[in-house]
Amino acid sequence: MAYTSSQPRPVRFLSGFMTKAKKPAVKAEAAKRVQFSSSALPYLLIAPQLLVIFVFFYWPSVQAVQSSFYIEDPFGFGSTFVGLANYSDALFSTEYLNIAKFTVVFTVLVTVFSLALGLLLAVKADAIIRGSATYKTLLISVYAIAPPVAGLIGMMFFDQHIGPFVKMAAMLGWHMQVGVNYFDTAFAMIFVSVWKQIPYNFIFFLSGLQSVPVSVREAAFIDCRSGFRRFWTVIMPLLAPTAFFLLIINITYALFDTFAVIDVMVKDKAANNPITLVYKVFLDGFRGNDIGGSSAQSVILMIVVFVLTVLQFRFLEKRIHYG
């Protein structure tokens, strides 16, 4: 069929128009892709990081699993295969179970108080106007303190002779004996560990609060006059991804990163002081020279942390909405 000059040709016109319209999008999409001159180059770029992970994580993990089935001579002269004896000795030991119970209590208290106080201070910093820079700097500066130094500062605060917290407790009738009394030492360990972790949570919560759109805040203020209800129903759901991330980080911190604080506060003290599972691995392995037993304990702790992390992502992340 022949078309006259007065008759349009819609098919060719639209197809040409669509082709021209798609070209910039295709070019933009191609421009966003990272181009490498060789297919092996990306693997070479990540090879140093993979090497570090293998040397400092996977290889020690394999060695720990292997050592957990042996009783090894502390001087490296030999080893005897004992199967699951190291695991049974740990799991059926009253001392180990008591330390595990304290570790659970310690982890829960440190995580809850660190998150709660960090969120509270972030909310106040988000609302404060005068002196906000000084306020934020004083809070964040604590994070720069190394864990051993934080433990040393904590011991100074709870010292029997010069500690201000001991004197304040004495005014309330509490004869605090950190390093001697089990409960007093546990209180000091939790206090210092929470104090060290608050700035980390504060930084992330404050960033999350400042990313909440102003329009959402204004709409929430119009719909609800109660400040607590506005925060709980509008702001907190928007902070859920940040809170979920910090929950995992704080649990990991309480289980592992408090080692230096505990080491400083209970070193060379009476034997009835509370310790966590990770510190018991250190005591049995490096002071008791029980390499196989400490390896079995480290494997148990690794399995517990893995299961706990899977459960968190399996059940808690369903309630988290990103974007």
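Residues numbered from 1 in each chain as written. Predicted model: local features only at pLDDT ≥ 70, side-chain atom pairs only at ≥ 80, totals over all residues. Heavy atoms only, no water.

Re unusual backbone geometry
- Positioned with a positive phi, Asn289 is a non-glycine residue whose angle comes to about 60 degrees.
- The topology assignment puts Asn289 in the loop between helix 12 (277-287) and helix 13 (291-316).
- Asn289 gets classed as partly exposed once you look at its relative accessible area, which sits at 39%. (Helix = DSSP H or I, 4+ residues; strand = E, 2+ residues; numbered from the N terminus. Buried < 20%, exposed > 50% of the residue type's maximum accessible area, 1.4 Å probe, protein only.)

Here we look at a nonpolar patch on the surface
- A surface patch of nonpolar side chains, about 960 Å² in accessible area, is lined by Leu51, Val52, Phe54, Val55, Phe56, Phe57, Tyr58, Trp59 and Val62.
- Classification of Val52 as partly exposed rests on a relative accessible area of 41%. (Patch = residues over 30% accessible without salt bridge, like charges linked within 9 Å, V, L, I, M, F, W, Y side chains within 5 Å. Areas by Shrake-Rupley, 256 points an atom, 1.4 Å probe, with all protein chains shown as cover. Salt bridge = Lys/Arg side-chain N within 4 Å of Asp/Glu carboxyl O.)

Looking at the nonpolar core
- In this structure, Phe106, Val110, Met189 and Met265 are the most contacted members of the largest nonpolar core, which totals 35 residues.
- The element that contributes the greatest number of residues to this core is helix 8 (residues 182-210), accounting for seven residues.
- Non-local contacts of Met189, meaning those with residues more than four positions away in its chain, are made with Phe102, Phe106, Ile262, Met265, Val266 and Pro274.
- Residues Ala122, Phe205, Leu206 and Val212 belong to the second largest nonpolar core, which totals 17 residues. (Core = buried A, V, L, I, M, F, W, Y, C linked by side-chain atoms within 4.5 Å. Contact = heavy atoms within 4.5 Å.)

As for the pattern of salt bridges
- The full count for this structure, using the stated rule, is two salt bridges.
- Between Glu95 and Lys280 there is a salt bridge, with the nearest N and O atoms lying 3.9 Å from each other. Of this pair, Glu95 sits in helix 4 (residues 94-127) while Lys280 sits in helix 12, and the two are 185 residues apart along the sequence.
- Residue classification places Glu95 among the partly exposed residues on the basis of a relative accessible area of 49%.
- Notably, a salt bridge pairs Lys280 with Asp284, separated by 3.0 Å at the nearest N-O pair. Residue Lys280 and its partner Asp284 are both found in helix 12; the two are separated by four residues, about one turn of the helix.
- Shared partners join several salt bridges into a network, and the residues in it are Glu95, Lys280 and Asp284.

Some thoughts on the packing of helix 10 (residues 227-257) against helix 13
- Packing of helix 10 against helix 13 leaves a shortest axis separation of 11 Å and a crossing angle of 165 degrees. Of the possible angle classes, the one that applies to helix 10 and helix 13 is roughly antiparallel. When the axes of helix 10 and helix 13 are compared, the crossing they make is right-handed. Contacts from Phe244, Leu247, Ile248, Ile251, Leu255 and Phe256 of helix 10 reach helix 13 at Leu301, Val305, Leu308, Gln312, Phe313 and Leu316.
- Of the residues belonging to the contact of helix 10 with helix 13, the class tally is 11 nonpolar, one polar and no charged. (Axes fitted to C-alpha atoms, helices over the stretch in contact; angles between N-to-C directions. Parallel < 35°, antiparallel > 145°, perpendicular 65-115°, else oblique. Left-handed = near helix turned anticlockwise from the far one by under 90°. Nonpolar A, V, L, I, M, F, W, Y, C, P; charged D, E, K, R; others polar.)

Overview of the side chain of Asn86
- Examined against the element boundaries, Asn86 turns out to sit in helix 3 (residues 85-91).
- At 2.8 Å, the side chain of Asn86 forms a polar contact with the backbone oxygen of Ser68.
- Reaching out from Asn86, the side chain makes a polar contact with the backbone oxygen of Tyr70 at a distance of 3.0 Å.
- Contact partners of Asn86, with chain neighbours within four places excluded, come to Ser67, Ser68, Phe69, Tyr70, Ile71, Gly292, Gly293 and Ala296. (Polar contact = N/O pair within 3.5 Å; in protein donor to acceptor, adjacent residues only side chain to side chain.)

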